[in-house]
Amino acid sequence: MPNASSWSVSSPLLLLWEDSSGTRIFLSLLYAVLAISGTLSNVMVIYLVFSFKKLQTTSNAFIVNGCAADLSVCALWMPQEAVLGLLPPNSSSLRSAEYRLLRGGLLGLGLTVSLASHLLVAFNRYVLITKLPSVYQALYQRRHTGCMIGLSWALALLPVPLLPGLWTLGSAQSDGSSRYTALLLALAVLGQTALLLHCYLGIVRRVRGSAKRVSVLNFHLLHQLPFPAAPPPPRRAQRRLSSVSVLLLCCVFLLGTQPLVWVSLLGFFLRPAPPALQAASWLLLCSLSALNPLLYTWRSEEFRRAARGHRPPGSRAAPAPV
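The rules behind the values
Residues numbered from 1 in each chain as written. Predicted model: local features only at pLDDT ≥ 70, side-chain atom pairs only at ≥ 80, totals over all residues. Heavy atoms only, no water. Helix = DSSP H or I, 4+ residues; strand = E, 2+ residues; numbered from the N terminus. Contact = heavy atoms within 4.5 Å. Areas by Shrake-Rupley, 256 points an atom, 1.4 Å probe, with all protein chains shown as cover. Buried < 20%, exposed > 50% of the residue type's maximum accessible area, 1.4 Å probe, protein only. 1 Å grid on protein atoms, 1.4 Å probe; cavity = no way out; pocket = protein on both sides within 12 Å on 5 of 7 lines; lining within 4 Å. Points joined across faces, edges and corners; volume = space filled by probe spheres on them. Nonpolar A, V, L, I, M, F, W, Y, C, P; charged D, E, K, R; others polar. Polar contact = N/O pair within 3.5 Å; in protein donor to acceptor, adjacent residues only side chain to side chain. Axes fitted to C-alpha atoms, helices over the stretch in contact; angles between N-to-C directions. Parallel < 35°, antiparallel > 145°, perpendicular 65-115°, else oblique. Phe/Tyr/Trp six-rings, centres within 6.5 Å; stacked < 30°, edge-to-face > 60°. Expected span 1.5 Å × (residues − 1). Bend = angle between axes of the 7 residues up to and from the residue. UniProt positions renumbered as here; feature names shortened; annotations may be inferred. Core = buried A, V, L, I, M, F, W, Y, C linked by side-chain atoms within 4.5 Å. pLDDT = per-residue confidence, 0-100. Patch = residues over 30% accessible without salt bridge, like charges linked within 9 Å, V, L, I, M, F, W, Y side chains within 5 Å. Salt bridge = Lys/Arg side-chain N within 4 Å of Asp/Glu carboxyl O.

(A) The arrangement of the overall build of the protein in detail. Across its full length, the protein holds 13 helices and zero strands. Look at the contacts in the protein between residues 6 or more apart in sequence, and 76% of them connect residues 24 or more apart. With an accessible surface of roughly 17400 Å², the protein has 70% of that area assigned to carbon and sulfur atoms.

What follows is the structure in structure tokens.
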């Protein structure tokens, strides 16, 4: 029977060596479901954005960037984990250092770009709703948007070599360098989360403030004022972020990212968390890749209308009957 260290280093599912075959089969099926649902949802969002001109906005460009990153996790990484989880612990595929490097690279690249895209979307919406239109247009020109997307992928390539040693339990408990890598990852995700919450809470405050101003003054009297009225509320087509949807998005994001953050901090400053808890925290983080498309499209009337339309791009509406 292999020891705990050798099994955890080679395990693609972050399982304990004493876990039963039933547990490994269950997690493999879970990865398979996440892979299929995540691949379909990410591909659907990318297809809709490229097929319908009304969806080709700057904010949706960042969403498509995140979907492309999530595809590397859902379509490339998760299926391998689902298959490898069914193999015996002494399989040669699990012990191959090159293959572990490839899987770790796919996971690290996808998750890093996906988390960066979350922040890009949040900051884009924050500037769109809380700043003047001239500021938004100057900041989000086509060239600047392309540079932001390219920078997210360039920065994601830097820590890729560190990921294979980071996401294995055995090295995280015994190797000092991996503990520091886990600490850096936790601090990076914690900082990204703080910025994201700042953006979305700023949006909620702005939307509530606009609603209060309109409720205090009769809307038809605003045009009769002898001085310029307050800035109008954000355009409805692009400001459908209600407080409930924003809070739900933030809660799902926190549920997916924070367990790994605090498990990593606990392991660095106090003592390593139970391996099952570490595995669960990584699984929650990876599941975000399948949930992200739904988080950003379920409240969008444009996406729902495009999904119901199923009209080929460039087709014209049928003439009304005489």
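There is more to say, and it comes next.
(B) Up close: the environment of Lys 54. By secondary structure assignment, the location of Lys 54 is in the loop between helix H2 (21-51) and helix H3 (58-84). What makes Lys 54 exposed here is its relative accessible area of 70%. Residues Lys 54 and Ala 306, 252 residues apart in the sequence, show an inter-C-alpha distance of 9.0 Å.

(C) Broad picture of empty space enclosed by the protein. Counting across every chain of the model gives five cavities of 30 Å³ or more. Roughly 70 Å³ of internal volume is contained in the second largest cavity. Surrounding the second largest cavity, Phe 62, Ile 63, Gly 66, Cys 67, Asp 70, Ser 114, Ser 117, His 118, Val 121, Asn 292 and Tyr 296 form its lining. Going through the elements one at a time, H3, helix H5 (97-130) and helix H12 (275-297) are the ones with two or more residues in the lining of the second largest cavity. Broken down by element, the residue count for the lining of the second largest cavity peaks at five residues, all from H3. The residue inventory of the lining of the second largest cavity, partitioned by class, reads five nonpolar, five polar and one charged.

(D) Just the side chain of Asn 60, in detail. Considering the arrangement of structural elements, one finds Asn 60 in helix H3. You can call Asn 60 buried: its relative accessible area is 9%. Looking at Asn 60, its side chain comes within polar contact range of the main-chain oxygen of Leu 55, at 2.6 Å. Non-local contacts of Asn 60, meaning those with residues more than four positions away in its chain, are made with Val 49, Leu 55 and Phe 303.

(E) Quick peek at the packing of H2 against helix H13 (residues 301-309). Where H2 meets H13, the closest approach of the two axes is 10 Å, and the angle between their N-to-C directions is 90 degrees. What the angle tells us is that H2 and H13 run roughly perpendicular. Counting all contacts with H2, which are made through Val 45, Leu 48 and Val 49, the residues of H13 involved are Phe 303, Ala 306 and Ala 307. In the contact of H2 with H13, the residues fall into six nonpolar, no polar and no charged.

(F) Expanded view of the packing of aromatic side chains. All chains considered together, the criterion is met by four aromatic pairs. Chaining the aromatic ring pairs together yields one cluster made of Phe 62, Tyr 136 and Tyr 140.

(G) Just H3, in detail. Its 27 residues give H3 an end-to-end C-alpha distance of 39 Å, which sits within 8% of 39 Å, the value for a rise of 1.5 Å per residue. Within H3, the axis deviates most sharply at Trp 77, by approximately 35 degrees, and proline Pro 79 lies no more than four positions further along. Burial within H3 is extensive, with 21 of its 27 residues counted as buried.

(H) Representation of the UniProt feature "transmembrane region" (unreviewed entry) in the protein within the structure. Residues annotated in UniProt with the feature "transmembrane region" (unreviewed entry) correspond here to residues 25-50, 62-80, 100-123, 144-162, 182-203, 244-270 and 276-298. Helix makes up 100% of residues 25-50 and strand 0%, with an end-to-end C-alpha separation of 37 Å. Its end C-alpha atoms 37 Å apart, residues 244-270 is made of 96% helix and 0% strand.

(I) The arrangement of the environment of Leu 27 in detail. Residue placement: Leu 27 occurs in helix H2. Given a relative accessible area of 16%, Leu 27 falls into the buried group. Placed 54 residues apart in sequence, Leu 27 and Glu 81 show a C-alpha to C-alpha distance of 9.1 Å.

(J) Spatial organisation of the nonpolar core. Counting residues in hydrophobic clusters, the biggest one holds 59 residues, and the most contacted among them are Leu 55, Trp 77, Met 78, Leu 111, Tyr 200 and Tyr 296. Within the residue set of this core, elements represented by two or more residues are H2, H3, H5, helix H10 (176-216), helix H11 (243-269), H12 and H13. Broken down by element, the residue count for this core peaks at 11 residues, all from H5. In contact with Met 78, not counting residues within four places along its chain, are Tyr 31, Leu 34, Ala 35, Val 73, Cys 286 and Ser 287.

(K) Summary view of the confidence of the model for the protein. For the protein, the average pLDDT comes to 75, and 70% of its residues sit at 70 or higher. Contacts for the low-pLDDT stretch residues 1-18, under 50 throughout, to residues beyond four places or in other chains number 46 contacts. Segment residues 212-241: pLDDT under 50, and 23 contacts once partners within four positions in sequence are set aside and those in other chains are kept.

(L) Quick look at a nonpolar patch on the surface. Taken together, the side chains of Ile 25, Leu 29 and Leu 86 present a nonpolar region at the surface, about 300 Å² in accessible area. Checked against the element boundaries, Ile 25 lands in helix H2. By relative accessible area, which is 42% here, Ile 25 ends up partly exposed.

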